[in-house]
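# Notes for the structure review
Okay, here's what each chain looks like letter by letter:
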Amino acid sequence: MEDIISMLADGGVLVADGAMGTMLQRAGLPAGTPPEAWLLENPGPVCDVHRAYLDAGAHLILTCTFGATRPRLERKGYAERVAEINRRAVEIARQAANGRAYVAGDIGPLGLFLAPLGPLSHEQAVGLFAEQAEALVAAGVDVLVIETMSALEEMRAAIEAAQQAARGLPVFATFSFDHHGRTNMGVRPEQAAQELTALGVQAFGANCGATLDMTLGALEAMHATAPDAWLIAKPNAGLPRAQGREVVYDASPADMAAYARRFAAAGARVIGGCCGSTPAHIAAIAAALKP
């Protein structure tokens, strides 16, 4: 496979995968157990999720490492296994991909506020993100993806760490817009586009979020601000609601497919799903985006 930047430069739209956590819950992940730690003893279900998305038409899969930074793992007693967990997650994704897809090292928020709102200095945050990023790069990912960010300060720290660790690999980044078109820390899509362009990430956009419309609005604002940028759309499958003991999401595969076309029209070059999205959603997206 050509490298991911060359592929995007050729003008194609890259179909990404969907949710990992909600899929693993269906596969037996116990409540309260971090997927990142569970995979050490249960690699099979994680590999199966990756393969289901690949079979659905995804050409980019994210490692099961969203919460695999030291602060998040520390809460469950896995703080000293950061490198091991990230390395194993990449191995599982690589096994599933088997040369037919790109593997992205997934980096999520630390779960702690940076100063002045919280206990972490910028330097401490960079160090924590770098620990994960270095493990992902050493294990052989094709790209680092920082996702579901809400605060500019934390995004800046994550990008600095990722770029230090990347050794020439590309870095992608997405914010979650879920509060009247802004992140829950008040970041506007236009601000995000300006900041991420200045920081030199190769692609950026929106993931997770409250509604498909809100994600579309964020992308349109980003495209207006940075019309030449490669944008990313990886929204939730609509809004969650309780159905008996289960949480279900209200966007059907057909809904996601219709929005995928609109995301592409707004400049998105990487399109997939986040919470609640399944292989059926990704298959519909892949079919909708076929030339």
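Above this text sits the structure in question.
Here's a quick rundown of the structure. The structure displayed is predicted, hence computed values, not measured ones. (Residues numbered from 1 in each chain as written. Predicted model: local features only at pLDDT ≥ 70, side-chain atom pairs only at ≥ 80, totals over all residues. Heavy atoms only, no water.)

Looking only at helices and strands, the protein chain features 12 helices and 10 strands. Over its C-alpha atoms the protein chain spans a radius of gyration of 17 Å, differing by no more than 12% from the 19 Å that the globule rule assigns to 291 residues. Expressed as a percentage of the 291 residues in the protein chain, the buried residues total 55%. Residue pairs in contact within the protein chain that sit at least 24 positions apart in sequence constitute 77% of those at least 6 positions apart. Accessible area for the protein chain stands at about 12000 Å²; split by element, carbon and sulfur atoms hold 51% of it. Of note, the protein chain has its 22 positive side-chain charges centred 5 Å away from the centre of its 30 negative side-chain charges. (Helix = DSSP H or I, 4+ residues; strand = E, 2+ residues; numbered from the N terminus. Rg over C-alpha atoms; globule rule 2.2 N^0.38 Å. Buried < 20%, exposed > 50% of the residue type's maximum accessible area, 1.4 Å probe, protein only. Contact = heavy atoms within 4.5 Å. Areas by Shrake-Rupley, 256 points an atom, 1.4 Å probe, with all protein chains shown as cover. Lys, Arg positive; Asp, Glu negative; His and termini not counted. Charge placed at Lys NZ, Arg CZ, Asp CG, Glu CD.)

For the bond from Ala115 to Pro116, the omega torsion is 10 degrees, close enough to zero to count as cis. Take Pro116: it is sitting in the loop between strand 3 (102-107) and helix 7 (122-139). Its identity as a non-glycine residue notwithstanding, Arg167 has a phi of 55 degrees, on the positive side. Along the polypeptide, Arg167 turns up in the loop between helix 8 (152-165) and strand 5 (171-175). On the basis of relative accessible area, Arg167 is assigned to the exposed category, the value being 67%.

The next thing to look at is helix 7. Compared with an ideal rise of 1.5 Å per residue, which puts 18 residues at 26 Å, helix 7 spans 26 Å between its outermost C-alpha atoms and is within 8% of the ideal. Looking at helix 7, one finds that the buried residues are Ala125, Val126, Leu128, Phe129, Ala130, Gln132, Ala133, Ala135, Leu136 and Val137. Buried-residue contacts for helix 7 involve helix 5 (70-74), helix 6 (82-97), strand 3, strand 4 (143-149) and helix 8. Gly140 sits one or two residues past helix 7 and shows a positive phi near 105 degrees. (Expected span 1.5 Å × (residues − 1).)

Read these as geometric descriptors, not functional statements.
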